[in-house]
Amino acid sequence: MVLRIGYVREHFCSPLLQFEAEDKGSTFILVECPSGTGQLISRLTKDEIDIAIALTDPLIAGIAKGSEAYKLVGSYVTSPLRWAVITGHKPSTYNQISDLQGSTIGISRNGSGSQTMAYVMALQQRWPTSELKFQVNNDIRGLINSVNDGTTSAFMWEWFTTKPFADAGECRFIGQVPTPWPSWLIAAHPTRGEPAAVRTFLDNLSRHVRAFASAEARAGPSVKFVMDTFGYPETDVKEWLNAVEYPEDCSTIPWNVITDTLGVLQQAGVVAPPEGDVKRDQFVNLDVVTLV
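Undergrad: What is the right way to look at the overall build of the protein in this model?
TA: Within the protein, the regular secondary structure consists of twelve helices and twelve strands. Here the C-alpha atoms of the protein give a radius of gyration of 19 Å, agreeing with the 19 Å that 2.2 N^0.38 yields for 292 residues. The dimensions of the protein, computed from C-alpha atoms along their principal axes, are 55 × 50 × 30 Å. Every one of the 292 residues in the protein was classed for burial, and the buried ones make up 53%. Summarising the internal contacts of the protein: among those between residues at least 6 apart in sequence, 79% fall at separations of at least 24.

As structure tokens, then:
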């Protein structure tokens, strides 16, 4: 079968795009989801994709809240994600994170990374998470429009994805919040993707990830690929590549990534504590993934 892979077209997906160029649609096709992880989870639920490469926290939160539309099958990026806190371009009362307390935060979708990270930000700031207010604005353009027309105070999005908009004067950065967990995992529908086909996809993706993240590639070819594909300045690409880490084997997940992430999400009020021990087979497809 030809797998349908949901992804967000950002610099992190560079090894996936290189894999796609080699595969040419013989084993998988890419389905772009510009609204992010909330849209990826929705498309898994609606039988529009078979596999999603998505943010760690909303994937884990979705399963903890009872979703059976997917299980975790692998890792994609093992370093934290650097979330920018972004407000409108005009001078305003929002000049640092602490100024946002009690205001309305823009998010792409309910259950998205932009929402779960707002809870983490509130936890770090010691705000009551039950008092957070959100407005759904779908995608990066809707989020920027909202902070500029004043319907929201700020939103959170990955730093380098949003930096070109800040450099162009469309918005302002007022802070950053790195994730307290590795940033990207891979999830698959529990029955639509045959375990053998999913494992083969992960094995080949691992090969491309290792090539992209090698010291030799980081010194030149990977910088050029990101610059040519996404139009980012060389200095930004090099800064990102100096910090990002990919796994050696995309079919592995450290079990503590799941339990530690759940612990933070519970503290932040995103999910309720489980009744009893966390069950491994609830979160991961043990026919595909290797827990380490």
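Undergrad: When you look at empty space enclosed by the protein in this model, what are you seeing that I'm missing?
TA: Over the atoms, a rolled probe matching the size of one water molecule traces out where space is still vacant. Scanning the entire structure with this criterion turns up two cavities of 30 Å³ or more. In this structure, the largest cavity spans a volume of roughly 140 Å³. In terms of lining residues, the largest cavity is bounded by 15 residues, among which Glu-10, Gly-36, Leu-55, Trp-83 and Trp-157 are the most central. For the lining of the largest cavity, the elements supplying multiple residues, two or more each, are helix H4 (113-125) and strand E8 (154-158). In the lining of the largest cavity, the residues fall into six nonpolar, seven polar and two charged. By volume, the second largest cavity amounts to about 50 Å³.

Undergrad: Where do I start with the environment of Cys-171 in this structure?
TA: Mapped onto the fold, Cys-171 is located in strand E9 (residues 171-178). Owing to a relative accessible area of 4%, Cys-171 belongs among the buried residues under this scheme. Separated by 111 residues in sequence, Cys-171 and Gln-282 have C-alpha atoms that sit 41 Å apart. Ignoring any residue separated from it by four or fewer positions in sequence, one finds Cys-171 in contact with Ile-86, Thr-87, Gly-88, His-89, Thr-162, Phe-165 and Ala-166.

Undergrad: Just checking my understanding: could you explain the packing of aromatic side chains for this structure?
TA: Any aromatic ring pair is given by two values, namely how distant the centres are and how the planes are angled relative to each other. Going through the model one piece at a time under the given rule, you end up with eleven aromatic pairs. Summarising the aromatic geometry, the rings of Phe-19 and Phe-28 are spaced 4.7 Å apart at their centres and angled 55° between planes, so their arrangement reads as tilted. The burial state of Phe-19 is the same as that of Phe-28; both residues are buried. Ring pairs connect the aromatic residues Phe-12, Tyr-76, Trp-184, Phe-212, Trp-240 and Tyr-246, which therefore count as one cluster. Across the ring face of Trp-159, the terminal group of Arg-82 is positioned such that the distance to the ring centre comes to 3.9 Å.

Calculation notes
- Residues numbered from 1 in each chain as written.
- Predicted model: local features only at pLDDT ≥ 70, side-chain atom pairs only at ≥ 80, totals over all residues.
- Heavy atoms only, no water.
- Helix = DSSP H or I, 4+ residues; strand = E, 2+ residues; numbered from the N terminus.
- Rg over C-alpha atoms; globule rule 2.2 N^0.38 Å.
- Buried < 20%, exposed > 50% of the residue type's maximum accessible area, 1.4 Å probe, protein only.
- Contact = heavy atoms within 4.5 Å.
- 1 Å grid on protein atoms, 1.4 Å probe; cavity = no way out; pocket = protein on both sides within 12 Å on 5 of 7 lines; lining within 4 Å.
- Points joined across faces, edges and corners; volume = space filled by probe spheres on them.
- Nonpolar A, V, L, I, M, F, W, Y, C, P; charged D, E, K, R; others polar.
- Phe/Tyr/Trp six-rings, centres within 6.5 Å; stacked < 30°, edge-to-face > 60°.
- Lys NZ or Arg CZ within 6 Å of the ring centre and 35° of its normal.

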